[in-house]
2 protein chains.
Amino acid sequence: MLDPQGRAVHHALDGLGFAGVSDVRVGRLIELEVADDTDPATLTEMCEKLLANTVIENFTIETPGSAEGGR
Amino acid sequence: MLDPQGRAVHHALDGLGFAGVSDVRVGRLIELEVADDTDPATLTEMCEKLLANTVIENFTIETPGSAEGGR
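Named according to an unreviewed UniProt entry, chain A is Phosphoribosylformylglycinamidine synthase subunit PurS originating from Erythrobacter dokdonensis DSW-74.

Put into structure tokens, the structure is as follows:
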């Protein structure tokens, strides 16, 4: 997906003299403390209904220890 | 640190009927594609000079495979 903010940060890093950066992507990180028995489907629903704007954003759900893709 | 955005998201999840969430924290995730020989100190410098507002934000630097704390 397009990431104008990432491009701006990349440009700014170049301007500050930081070389060797080939790509920058900026996103949001949301940490949820949930009950151990929370259904992964519930987490996906939270993302789709509230946490992510799925029109312009992708999201991935990761749980400590294991990593699992959301979309 | 205070996280008013996290509190707002927590409140909104409650309002949508999602139970079992005990804490929410919202932050930024910046993915940098850098040369393999990039000095970790350079990454810390990028965070302090540009990527993080260290007055109100903490940051952590993680590299794929290993994870290492920034501050």
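Trainee: If you had to explain the overall build of chain A to someone new, which residues and values would you point to?
Mentor: Of the regular secondary structure elements, chain A holds two helices and three strands. In chain A, the succession of α and β elements from N to C terminus is α-β-α-β-β. By the compact-globule yardstick of 11 Å for 71 residues, chain A is too spread out, its C-alpha radius of gyration being 16 Å. In terms of principal-axis extent, the alpha carbons of chain A reach across some 50 × 30 × 15 Å. A buried classification covers 24% of the 71 residues belonging to chain A. For chain A, restricting intrachain contacts to residue pairs at least 6 apart in sequence, the fraction spanning at least 24 positions comes to 12%. Only carbon and sulfur atoms are counted for the fraction: they give 51% of the accessible area of chain A, which is about 4800 Å². Treating the 5 positive side-chain charges of chain A as one cloud and the 13 negative ones as another, the clouds have centres 11 Å apart.

Trainee: Got a sec to walk through the environment of Phe59(A)? Specific residues and values, please.
Mentor: All names here are of chain A. Within the secondary structure, Phe59 sits in the loop between α2 (40–51) and β2 (61–62). According to the relative accessible area criterion, Phe59 is buried, its value standing at 8%. Sequence spacing of Phe59 and Thr44 is 15 residues, and the spatial spacing of their C-alpha atoms is 9.1 Å.

Trainee: Tell me about the relation of the copies chain B and chain A, and name the residues and values.
Mentor: The two copies are related by a screw operation: chain B maps onto chain A through 180° of rotation and 0.0 Å of translation along the axis, at an RMSD of 0.0 Å. Seen this way, the second copy is the image of the first under a two-fold rotation axis. Closest to the rotation axis within chain B is the C-alpha of Arg28(B), separated from it by 2.2 Å. Most of the interface of chain B is mirrored in chain A, where 100% of its interface residues again form contacts.

Basis of the calculations
Residues numbered from 1 in each chain as written. Chains lettered and ligands numbered in written order. Predicted model: local features only at pLDDT ≥ 70, side-chain atom pairs only at ≥ 80, totals over all residues. Heavy atoms only, no water. Helix = DSSP H or I, 4+ residues; strand = E, 2+ residues; numbered from the N terminus. Rg over C-alpha atoms; globule rule 2.2 N^0.38 Å. Buried < 20%, exposed > 50% of the residue type's maximum accessible area, 1.4 Å probe, protein only. Contact = heavy atoms within 4.5 Å. Areas by Shrake-Rupley, 256 points an atom, 1.4 Å probe, with all protein chains shown as cover. Lys, Arg positive; Asp, Glu negative; His and termini not counted. Charge placed at Lys NZ, Arg CZ, Asp CG, Glu CD. Least-squares fit on C-alpha atoms with pLDDT ≥ 70 in both.

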